[in-house]
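Here are the chains, one letter per residue:
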Amino acid sequence: MKTVLLSEVIDDIRTGDLLAFGVRRYSTVTSLILKAYQEFTNSQYSHVGIALRIGDRILMVEATPPRVAITPLYKLEDFHLVPAEVKAPEHKSVEWLFDKVGNKYSLFDMFVHYLGFDYRKNSGYCSELAAAYYKHVGYLKSRDYGHTPDKIVKALLAKACMEEPIKIISDRGNLR
């Protein structure tokens, strides 16, 4: 797996790129549940978010308790990057992401969707948000990849003709 420092690739990250994470700390009840899910399903990833570039700032839109939020990239731990060649007009892509900010996060929705039931519009979980985004911008044809973080990562890797994501080591001291 290719490993690089965030400061080396920061200028290459674009709106629509996927950021994937595994649970390493057990600081909240949600992280404990996600870690149990990750172990039970033998998944590599327990969380995903979508990169959002606004000028020189790189942010991540993520569904995390209690709501969909925007997190500055410099606050993130190490992650895996899957570049996505999203061709949608920038305003269409960014507007859709901003419209989702504030929606409720729902671990319950994750389990309901995993069992094959439909999702609700005003709540959801991380991979569901990512799959809906990629369907909205025409990058993927279905939201079905959103059942798990691993599935959305695999779908984007296949679309990008990549075998594995790029491991990004956060070197926050060089970022603002």
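Here, the structure is the one placed above.
Residues numbered from 1 in each chain as written. Predicted model: local features only at pLDDT ≥ 70, side-chain atom pairs only at ≥ 80, totals over all residues. Heavy atoms only, no water.

**Student:** Even after reading the chapter, I still don't get the pattern of salt bridges, so can you show me in this structure?
**Tutor:** Inspection of every chain in the model, using the stated rule, returns one salt bridge. Here E85 ties to K87 by a salt bridge, and the two come within 3.5 Å at their closest N and O atoms. Here E85 matches K87 in class, with each residue exposed. (Salt bridge = Lys/Arg side-chain N within 4 Å of Asp/Glu carboxyl O. Buried < 20%, exposed > 50% of the residue type's maximum accessible area, 1.4 Å probe, protein only.)

**Student:** Would you mind showing me how to read the nonpolar core here?
**Tutor:** Side chains of nonpolar character tend, in soluble globular proteins, to be buried together. With 34 residues, the main nonpolar core has L18, Y134, I152 and L156 as its most contacted residues. Mapped onto this core, the elements with two or more residues apiece are β2 (18-21), β3 (47-54), β4 (57-64), α3 (90-100), α5 (126-136) and α6 (149-159). Among the elements that line this core, the one with the most residues is α5, at seven residues. Excluding residues within four positions of it along the chain, L156 makes contact with L18, V82, A84, Y134, Y139 and L140. If you look at the next biggest cluster of nonpolar residues, it comprises 16 residues, including L6, I58, L81 and I168. (Core = buried A, V, L, I, M, F, W, Y, C linked by side-chain atoms within 4.5 Å. Helix = DSSP H or I, 4+ residues; strand = E, 2+ residues; numbered from the N terminus. Contact = heavy atoms within 4.5 Å.)

**Student:** Hey, could you run me through the side chain of T71 in this one?
**Tutor:** Checked against the element boundaries, T71 lands in strand β5 (residues 67-72). Residue T71 is classed as buried on the basis of its relative accessible area, which comes to 15%. Apart from residues no more than four positions distant in its own chain, T71 is found in contact with L59, M60, E62 and L76.

**Student:** Please explain the packing of aromatic side chains as it appears in this structure.
**Tutor:** Two measures describe an aromatic ring pair: the distance that separates the ring centres and the angle between the ring planes. One pass over the structure, following the stated rule, counts four aromatic pairs. Relative to Y139, the ring of Y134 has its centre 5.8 Å away and its plane inclined at 50 degrees; by these criteria the two rings are tilted. Of the two residues, Y134 and Y139, both sit in the buried class. Following the ring pairs from residue to residue traces out a cluster consisting of W96, Y133, Y134 and Y139. In this structure, K159 packs its charged tip against the face of Y139, placed 5.3 Å from the ring centre. (Phe/Tyr/Trp six-rings, centres within 6.5 Å; stacked < 30°, edge-to-face > 60°. Lys NZ or Arg CZ within 6 Å of the ring centre and 35° of its normal.)

**Student:** Where do I start with a nonpolar patch on the surface in this structure?
**Tutor:** Residues I54, F98 and V101 make up a contiguous nonpolar surface patch of about 220 Å² in total accessible area. If you trace the backbone, F98 turns up in helix α3. (Patch = residues over 30% accessible without salt bridge, like charges linked within 9 Å, V, L, I, M, F, W, Y side chains within 5 Å. Areas by Shrake-Rupley, 256 points an atom, 1.4 Å probe, with all protein chains shown as cover.)

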